[in-house]
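Breakdown of the fold
Below are the chains, spelled out letter by letter.
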Amino acid sequence: MANKIKVYGKAQNRTSLGIAHAYVVMYPQATLEDLRKAFPNSICPDKGVPENFLPVEEAEKYNEKMSLYFAKPDEVIELQDGTKVALCQVWSKPSFDRMVEHGSLYDIEVAEFEKAMKGEKGGYRLEYLNGYVPPVAVVAKKGLPWWLWLLLALLVAGVVVALCLPRGEKVVEVEKIVEREVIVRDTVYVQQIADIESNFNAAQFAQGSADLTDDAKLALHDLARVMKQNPELRLRIEGHTSAEGDAAANQTLSEARAQAAVDFLVNKEGIDASRLEAKGLGSSQLKDAEQPDSEVNRRTEFEIL
């Protein structure tokens with residue numbers, strides 16, 4: 001069957017939000033439980049929260065210390081019954097791939113997403129394909145006899161259940177992907193860490209500061225999930241600076257930045273300190289030697305021990 005909706009997104013977590021939104025557009029009578037059945041918790045085991053989807057008022061409790069759900073007014077998914085739903089924000093590449101695969105079960109296609117530039121908020125948009133026109137939700141009007149309301153409710157419930165059931169061959173595809181993920185886990189987490197490191201470096205420290213930004217904390221939370229799933233994994237976190245300023249001060253600053261990341265993982269995420277090392281290298285290993293004062297030299301690197 002031809003796909004009906006195409007999702008264009010920036011950043012994989014925002015694209016995941018777009019997939020969920022597309023599902024609700026296609027099935028306007030969907031409830032929170034329908035969303036959870038269509039995109040179960042097993043899709044995203046690294047989210048750090050109990051559910052992929054939560055009512056906004058519950059999701060906001062998790063956002064008090066760190067942004068773990070899309071709960072802002074322009075981010076929530078509003079269902080036909082009035083429920084406002086928030087989707088979890090933490091999506092590793094394997095989890096995102098599973099979300100895309102489940103979306104395809106409902107004729108939702110995902111375009112190659114473009115990563116948001118530094119300082120740019122990610123987003124998504126939907127495009128209707130092959131002449132597809134979204135259905136309009138059925139709303140019971142006053143004055144209808146009770147038996148007609150009941151009949152409409154039963155018809156809608158039957159359609160929703162039928163649509164939410166995965167289709168034979170594609171279900172096997174999803175199971176194969178999950179199974180392969182387990183088998184090659186030892187190599188998968190290497191790529192996960194590379195992705196997390198990239199996100200952590202994008203959330204750069206302010207010049208002369210070792211304070212973690214909210215985006216850096218979110219990347220470290222994602223890293224902690226990988227470490228908890230792989231208890232044998234040990235990491236060295238190395239801090240680097242640009243060449244501007246005093247060399248001794250740069251060395252101290254690089255050590256403080258690496259230690260700030262380690263302290264967050266130990267004190268906030270519960271990672272055993274014996275699995276982590278912090279090392280400061282100052283400006284001794286410039287990433288861009290031709291521009292020693294460039295901000296690309298102010299970075300962290302994760303090394304698997």
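Residues numbered from 1 in each chain as written. Predicted model: local features only at pLDDT ≥ 70, side-chain atom pairs only at ≥ 80, totals over all residues. Heavy atoms only, no water.

1. Structural notes on the overall build of the protein
The number of helices and strands found in the protein is nine helices and nine strands. Here the protein holds 305 residues, and the buried ones make up 43% of them. Within the protein, residue pairs in contact and separated by at least 24 positions form 73% of the contacts whose partners lie at least 6 positions apart. With the model as given, the accessible surface of the protein reaches about 16100 Å², and the carbon-plus-sulfur share is 54%. (Helix = DSSP H or I, 4+ residues; strand = E, 2+ residues; numbered from the N terminus. Buried < 20%, exposed > 50% of the residue type's maximum accessible area, 1.4 Å probe, protein only. Contact = heavy atoms within 4.5 Å. Areas by Shrake-Rupley, 256 points an atom, 1.4 Å probe, with all protein chains shown as cover.)

2. Considerations on the side chain of Gln12
Here Gln12 lies in helix H1 (residues 12-26). Reaching out from Gln12, the side chain makes a polar contact with the backbone oxygen of Trp91 at a distance of 2.7 Å. (Polar contact = N/O pair within 3.5 Å; in protein donor to acceptor, adjacent residues only side chain to side chain.)

3. A few points about the sheet that holds strand S3 (residues 77-78)
Reading across from one edge, S2-S4-S3 is the order of the three strands in this open sheet, with antiparallel pairing throughout. The sheet is open, and its two edges are formed by strand S2 (53-55) and S3, each paired on a single side. Relative to strand S4 (residues 84-87), S3 is paired through two bridges, and the arrangement is antiparallel. Following the sheet pairing, Glu78 is matched in S4 by Lys84. (Pairing = 2+ DSSP bridges.)

4. Structural notes on the nonpolar core
Among the nonpolar cores identified, the biggest contains 62 residues, and Tyr23 and Phe39 are the most heavily contacted of them. Tallying contributions element by element places H1 first for this core, with eight residues. (Core = buried A, V, L, I, M, F, W, Y, C linked by side-chain atoms within 4.5 Å.)

5. As for the environment of Arg14
One can find Arg14 in helix H1. Measuring from C-alpha to C-alpha, the distance between Arg14 and Gln89 comes to 7.9 Å, with 75 residues separating the pair along the chain.

6. Looking at helix H4 (residues 93-104)
For H4, spanning 12 residues, the distance from its first C-alpha to its last is 17 Å, which sits close to the expected 16 Å at 1.5 Å a residue. Residues Pro94, Ser95, Phe96, Arg98, Met99, Glu101, His102 and Gly103 constitute the buried set of H4. (Expected span 1.5 Å × (residues − 1).)

7. Here we look at the side chain of Glu238
Tracing the backbone shows Glu238 in strand S7 (residues 235-240). Notably, Glu238 is buried but unbridged: the nearest opposite-charge side chain belongs to Arg236, and the N-O separation is 4.2 Å. Beyond its immediate sequence surroundings of up to four residues, Glu238 is in contact with Ala258, Lys279, Leu281, Arg299, Thr300, Glu301 and Glu303. (Lys, Arg positive; Asp, Glu negative; His and termini not counted. Salt bridge = Lys/Arg side-chain N within 4 Å of Asp/Glu carboxyl O.)

8. Topic: helix H8 (residues 214-229)
With 16 residues, H8 ought to run about 22 Å at 1.5 Å a step, and its terminal C-alpha atoms sit 23 Å apart, in line with that. Residues of H8 that are buried include every one of Ala216, Leu218, Ala219, Leu220, His221, Asp222, Leu223, Ala224, Val226 and Met227, and no others.

9. Notes on the packing of H1 against H4
In the contact formed by H1 and H4, the axes pass within 10 Å of each other and the chain directions differ by 20°. The orientation of H1 with respect to H4, classified from their angle, is roughly parallel. By crossing handedness, the relation of H1 to H4 is classed as left-handed. In this structure, H1 contributes Gln12, Thr15, Ser16, Ile19 and Ala20 to the contact, and H4 contributes Lys93, Phe96, Met99, Val100 and Gly103. When the residues that make up the contact of H1 with H4 are grouped by side-chain class, the tally is five nonpolar, four polar and one charged. (Axes fitted to C-alpha atoms, helices over the stretch in contact; angles between N-to-C directions. Parallel < 35°, antiparallel > 145°, perpendicular 65-115°, else oblique. Left-handed = near helix turned anticlockwise from the far one by under 90°. Nonpolar A, V, L, I, M, F, W, Y, C, P; charged D, E, K, R; others polar.)

10. Brief notes about the pairing of strand S1 (residues 5-9)
With four of five residues buried, S1 lies mostly within the body of the structure. Sheet topology note: the S1/strand S5 (residues 108-110) ladder contains three bridges and is parallel. Looking at S5, one finds that Val7 is bridged to Val110. In terms of strand pairing, S1 meets strand S6 (residues 124-128) through five bridges, oriented antiparallel. Each bridged residue has a counterpart across the sheet, and for Val7 the counterpart in S6 is Leu126.

11. Focus on the sheet that holds strand S9 (residues 299-304)
In a beta sheet, neighbouring strands are held together by backbone hydrogen bonds and run either parallel or antiparallel to one another. Reading across from one edge, S8-S7-S9 is the order of the three strands in this open sheet, with mixed pairing throughout. Two strands in the sheet have a free side with no partner beyond their single neighbour: strand S8 (276-280) and S9. The mean angle between the axes of side-by-side strands here comes to 20°, regardless of whether they run parallel or antiparallel. Strand direction decides the pairing type here: S7 and S8, joined by five bridges, are parallel. Looking at S8, one finds that Leu235 is bridged to Leu276. With respect to the sheet, helix H9 (residues 247-267) is in contact with S7 and S8, its orientation differing from that of S8 by roughly 165°.

12. Observations regarding the packing of aromatic side chains
Considering all chains together, one arrives at eight aromatic pairs under this definition. Ring centres of Tyr128 and Tyr132 lie 6.2 Å apart, and the angle between their planes is 75°; this geometry places the pair in the edge-to-face category. A cation over a ring is seen here: Arg125 above Tyr8, with NZ or CZ 4.0 Å from the ring centre. (Phe/Tyr/Trp six-rings, centres within 6.5 Å; stacked < 30°, edge-to-face > 60°. Lys NZ or Arg CZ within 6 Å of the ring centre and 35° of its normal.)

13. Brief notes about unusual backbone geometry
With phi around 65°, Asp107 is a residue other than glycine that occupies positive phi space. Position of Asp107 among the secondary structure elements: in the loop between H4 and S5. For Asn130, which is not glycine, the phi dihedral falls at a positive 55°. Take Asn130: it is sitting in the loop between S6 and helix H5 (146-164).

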